[in-house]
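# Survey of secondary and tertiary structure
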Amino acid sequence: MMAEVPSPAVANPLADELTGARHAKPCALVIFGATGDLTKRKLVPSLMGLAKDGLLPPGFQVVGFARRAWTDDSFRQELADGVRQFGRTDTPSAFEALRESFAFHQSDFDQPQGYAALRERLEQIDRHHDTKGNRIFYLATPPSAYSGILQNLAACGLSKEGDGRFARVIVEKPFGRDLATAVALNDQVRAAFHERQVFRIDHYLGKETVQNILALRFANGIFEPLWNEKFIDHVQITVAESIGVGSRGGYFEESGIIRDMIQNHLLQVLTLVAMEPPAALTADAVRDEKVKVLKAIRSLTPAEVAQATVRGQYARNFFGGEEARGYRDEDGVPADSTTETYAAVRLQIANWRWSGTPFFLRSGKRLPRRATEVAIQFKQPPHLLFEGGRPLQPNVLLLRIQPDEGVSLRFGSKVPGPDVRVRDVRMDFRYGSAFGGEHADAYERLLLDAMIGDSTLFARRDEVEEAWRIVDAIVAGWRRNDQRPEPYPAGTWGPERADALLGAGRTWRKP
Amino acid sequence: MTALRTPARQVALNRIPDALRDVWRACSSNEPGGNVSRALTINFIGIARAVDELELRAAVDKMHRRQPCRAFLILAQDGVQTMHAEVSGGARSHGQTREIVLEQIELRVPPAWFGNVPGLVRPLLVNDIPTHLYWATTWPQLPRHFDALLELSDHAVVDSGLFTVPAAELDALRVRQEAGRKLTDLTWLRLRPWRRALAEALERFPWQPAAPTSVTLRHAANTAAQASALLLGRWLEKRLLAAVFLEESGPGEQNQPDSVELRHGSTTVVATSNGRGQIQVKVETTEVCWLPFMVAASRGSAGDLLAAAIDMA
Ligand SMILES: NC(=O)c1ccc[n+]([C@@H]2O[C@H](COP(=O)([O-])OP(=O)(O)OC[C@H]3O[C@@H](n4cnc5c(N)ncnc54)[C@H](OP(=O)(O)O)[C@@H]3O)[C@@H](O)[C@H]2O)c1
């Protein structure tokens, strides 16, 4: 009798149901620092946002790793509270349905036995939940703990991939405090994981409105032809906060606004505004173009730093109906602190597209309003016909990242009546109106991307290091020039000297 | 951000544009420097029987938060002699700025007047934005009424779960889809987790095209579940070249299948609704029996699915 010859197998005939939408493969997530603030406020509420939208993979499990003597039960209770306080609508019920998927693993980061036990636990999860050896490690810990965790993960083989299994690590900011420490951290990461396994979170990139910068530029035909030095006078990128440092004085004192905001969020936004169109929307094509922008920004010399930067520190003032403390009066801040709570920087991108168009970056605490925006200011028309040849307000394309997310365009329009008078009007698109409803948090998008393995919205090693190179030169210039922060009253738009930074005929926007 | 609704006002059919202007006036802010703008992104035409009025309203309410719209709510009502119109509006206010996010025109239409609806609606559609039709009722006895409204629209949404003779009416729908009409069926969207669960199961073993494949779909004895099972069955028949059998499991309210049993050679996949919003999937081959996995079943209301259908269109 002849044996039956099986026909050759083909790929899953329903596979398009899994790839069409963005679906993650089954996996387990290990959160280091699971008793911390970030886990409770952001990570787990965001995971439940994904669960509510049906975006978590089947069998998904979470193991929380921290030092405290918590049990599975107390851990779950704490997370349930967090989801209730910080989650989107309907996430508490999503958590209840998945409660059993959360487990607590008590160990010190420095204890190798803790990792051996973690490994066993993960293997058990693979057997029971078919997570197939796929793991994501989230470092939600103080940066000082990174190196121990990374070494231990590598030593017990948890960072290895193979046989279709993935192992990924998500690293929270700050990625170092200068170029040297960033390189050292990246080397430690590299000793345990390949770059393709590493996901460095800058939550700004998870914001819809930040991603919309690329959509606006490259999905529309009308903007890109104007997007260069011929038509754009300058670009202002602002991240303003109205709050002070609060209880984070001790941490902030070590970093200052340039490390805390400009090195990461503002430079990330700048690269999206300034980059060339990528050949495709793949992770490396996009990040290659972003890195090129950073590379085209020369490190400033101390003399240039004196001209092109302004440092400020908020001083006591009556603001928002009350007496606001000055930075030096905040808890954890020395009375003679020289840390800046405001910085404005003029950067020049030395390439064909942007030569001659300055980019002004500013960020500060205790400014009048909380606002993040990119303002693209266009040049004046070559010949001024109206208002007796006096220059009118320039056209501004405004990308509002938060709050009141949207895009608006300011242009001049004739005032009805017998005279020829021109007044500014605004054409406005608001996210909330055009796409009402509740939007996913930035962390939701980023967690899902990490599960899918899409690193487009994560910072690559060279990006982080280039950004530090630019910032290091500024910090070194400040030190060399003994450029101390200038006081500004809390609730104002920063030191007056910041106006001079812009050059004649330009003013800072007051968002 | 706060929401504001103007009260509904009855108006004569030829005064609807004036009533809309009154809505804008009512929405504008009285504060100095305040202004009002319209943020409409779609025209929306929703049709239901007057007895299903509440369901249609709930769906539109959900949907307009995501898609600010000029909405026509058309309620087919027996026992009235002539067509009645009511106009109302909704706005959001951000500081001094008000934004109109809903202009609603509600029409109560006796059966004999139905043919006049397109003529009334057409000039009232806001130009330059897409028009979506939501046919939230049974398949029409006079399909030309449906077709006339389809003609006005860029995209139409139906729910075959509301059909009375699903097999024949799904065919009628398919004819229109094949003719190039953009049509979304909410019942098909509700099946998405089932499709995904089965696709996920097929990842666990090799697919042999020559191996015999059969599928048994069990569903409650109601037309909504029948429509759902028919859609899923036809899809599996086409994609897996499977022999598909539909079985009624007995009386029940559920509008999705109870279970899908797929046999492929010596492998069995059983996906079962556990009645608590989850689909449990078991895969068994001659060598391995996998631990079951769960996929969340669709919990979206008609309004959520409608908003999703419009987003995707
Ligand atoms: N919080 C935020 O909103 C936020 C936002 C952006 C970025 N981040 C970044 O996210 C990271 C975590 O922030 P966080 O605010 O969540 O920190 P946190 O509240 O201080 O939490 C630190 C966590 O690390 C654990 N831990 C510390 N040392 C340990 C050790 N030796 N062994 C075991 N566990 C140890 C703690 O566990 P035990 O308490 O059990 O000891 C705790 O779970 C930081 O890098 C921060 O910069 C935070």
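Residues numbered from 1 in each chain as written. Chains lettered and ligands numbered in written order. Predicted model: local features only at pLDDT ≥ 70, side-chain atom pairs only at ≥ 80, totals over all residues. Heavy atoms only, no water.

### Overview of the site of the ligand
Residues and elements named next belong to chain A. Near the ligand lie 21 residues; those nearest to it are T35, L38, R67, R68 and T141. Within the side chain of D37, a nitrogen or oxygen atom sits 2.9 Å from a nitrogen atom of the ligand. Contact between the ligand and K173: an oxygen atom at 3.2 Å from a main-chain N or O atom of the residue. Considering the ligand on its own, with 900 Å² of exposed area, one finds that the protein chains cover 75% of that surface. Here the residues of the shell around the ligand sort into 10 nonpolar, five polar and six charged. (Near = heavy atom within 4 Å. Polar contact = N/O pair within 3.5 Å; in protein donor to acceptor, adjacent residues only side chain to side chain. Areas by Shrake-Rupley, 256 points an atom, 1.4 Å probe, with all protein chains shown as cover. Nonpolar A, V, L, I, M, F, W, Y, C, P; charged D, E, K, R; others polar.)

### Let's talk about the interface of chain A and chain B
Between chain A and chain B, the contact holds 34 residues from the first and 32 residues from the second. Interface of chain A and chain B: buried area, both sides summed, is about 2700 Å²; carbon and sulfur atoms make up 51% of it. Between A:E17 and B:R195 there is a salt bridge, with its nearest N and O atoms 3.4 Å apart. Linking chain A to chain B there are seven residue pairs in polar contact (both at pLDDT 80 or more). Breaking the side of chain A that touches chain B down by element, the ones donating at least two residues are α1 (16–19), α5 (112–129) and α12 (431–434) of chain A. Split into classes, the residues belonging to the side of chain A that touches chain B amount to 15 nonpolar, 11 polar and eight charged. (Contact = heavy atoms within 4.5 Å. Buried area = accessible area lost by both parts, 1.4 Å probe. Salt bridge = Lys/Arg side-chain N within 4 Å of Asp/Glu carboxyl O. Helix = DSSP H or I, 4+ residues; strand = E, 2+ residues; numbered from the N terminus.)

### Thoughts on the domain arrangement of chain B
All names here are of chain B. For chain B, the domain assignment lists domain 1 (2–186 + 302–312) and domain 2 (192–296). Of note, the centres of domain 1 and domain 2, computed from C-alpha atoms alone, are 36 Å apart. If you look at the interface, domain 1 gives 11 residues, while domain 2 gives eight residues. Taking both partners together, domain 1 and domain 2 bury about 690 Å²; carbon and sulfur atoms supply 61% of that area. Interface area lost by domain 1 to domain 2 is led by G161, P166 and L170, which between them contribute 50%. The tally of links from domain 1 across to domain 2 stands at one salt bridge. Across the pair R234 and D171 runs a salt bridge, and its minimum N-O distance is 3.4 Å. (Domains from an automatic or database assignment.)

### Considerations on the environment of B:A172
Looking at the element boundaries, B:A172 is found in helix α5 (residues 166–178). Put simply, B:A172 and B:P143 are 29 residues apart on the chain and 9.3 Å apart in space, counted from C-alpha to C-alpha.

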